[in-house]
Amino acid sequence: MIYLLDTNAAIALLKEHPQMLGHVRRVGQSALRVCAPVEAELWFGVAKSARQDQNRARLLTLLEWLPSLPFAGQATRHFGDIRVHLANLGTPIGPYDLQIAAIALANDLTVITNNTREFARVPGLKLEDWLL
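Just so it is clear, the model here is predicted, and its values are computed rather than measured.

Rules and cut-offs
Residues numbered from 1 in each chain as written. Predicted model: local features only at pLDDT ≥ 70, side-chain atom pairs only at ≥ 80, totals over all residues. Heavy atoms only, no water. 1 Å grid on protein atoms, 1.4 Å probe; cavity = no way out; pocket = protein on both sides within 12 Å on 5 of 7 lines; lining within 4 Å. Points joined across faces, edges and corners; volume = space filled by probe spheres on them. Helix = DSSP H or I, 4+ residues; strand = E, 2+ residues; numbered from the N terminus. Nonpolar A, V, L, I, M, F, W, Y, C, P; charged D, E, K, R; others polar. Salt bridge = Lys/Arg side-chain N within 4 Å of Asp/Glu carboxyl O. Buried < 20%, exposed > 50% of the residue type's maximum accessible area, 1.4 Å probe, protein only.

A.B. asks: Mind showing me how you'd approach the layout of surface pockets here?
C.D. replies: It is a probe the size of a water molecule, rolled over the atoms, that shows where empty space is left. Computed from the structure, the largest pocket encloses a volume of approximately 310 Å³. What lines the largest pocket is a set of 15 residues, among which I11, L14, K15, G45 and N55 lie closest to the centre. By residue number, the principal contributor to the lining of the largest pocket is helix α3 (residues 36-48), which donates six residues. Considered class by class, the residues forming the lining of the largest pocket number six nonpolar, four polar and five charged. If you add up the space inside the second largest pocket, you get close to 200 Å³. Sorting the residues of the lining of the second largest pocket by element identifies α1 (7-14), α2 (18-27) and α4 (52-65) as the ones contributing at least two each.

In structure tokens:
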């Protein structure tokens, strides 16, 4: 199984959260991915932080360590389908989470997030919370 880290999961990994580290050790580096929307949110965090140099270095190390998936191709098609479906139900999710979910569905990945409540609205999306 391959896992896609949501932004909060990537932050927990950057902060060396013990539960997150335990799961990462269990599944191994080769089973982990990030994606373009997560990268963008992490770079935003660096830009607004008081310790930009330190946080930039940590993020660059993480991004060298984990493969990143683009928001393109099948993911963009899934995005449209998910957005319409959730809009028709009156239960939309945020645009970045929508992109992350679409990338996960397009690549048959399990999203690792502490925000399962929002992601659970996406039909067929596999989720795990490694911070419980």
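From this point, things continue past the structure.
A.B. asks: What am I meant to see in the pattern of salt bridges here?
C.D. replies: Opposite charge on two side chains permits pairing when their charged atoms draw close. Taken as a whole and assessed by the stated rule, the structure comprises two salt bridges. Notably, a salt bridge pairs R56 with D53, separated by 3.0 Å at the nearest N-O pair. Residue R56 and its partner D53 are both found in helix α4; the two are separated by three residues, about one turn of the helix. With relative accessibility at 31%, the residue R56 sits in the partly exposed group. The class of D53 is exposed, set by a relative accessible area of 64%. Between K126 and D108 there is a salt bridge whose closest N-O contact spans 2.8 Å. In this pair, K126 sits in strand β5 (residues 126-128) while D108 sits in the loop between α6 (95-106) and β4 (110-112), placing the two residues 18 residues apart along the sequence. By relative accessible area, K126 is classed as partly exposed at 32%. Accessibility expressed as a relative area gives 54% for D108, which makes it exposed.

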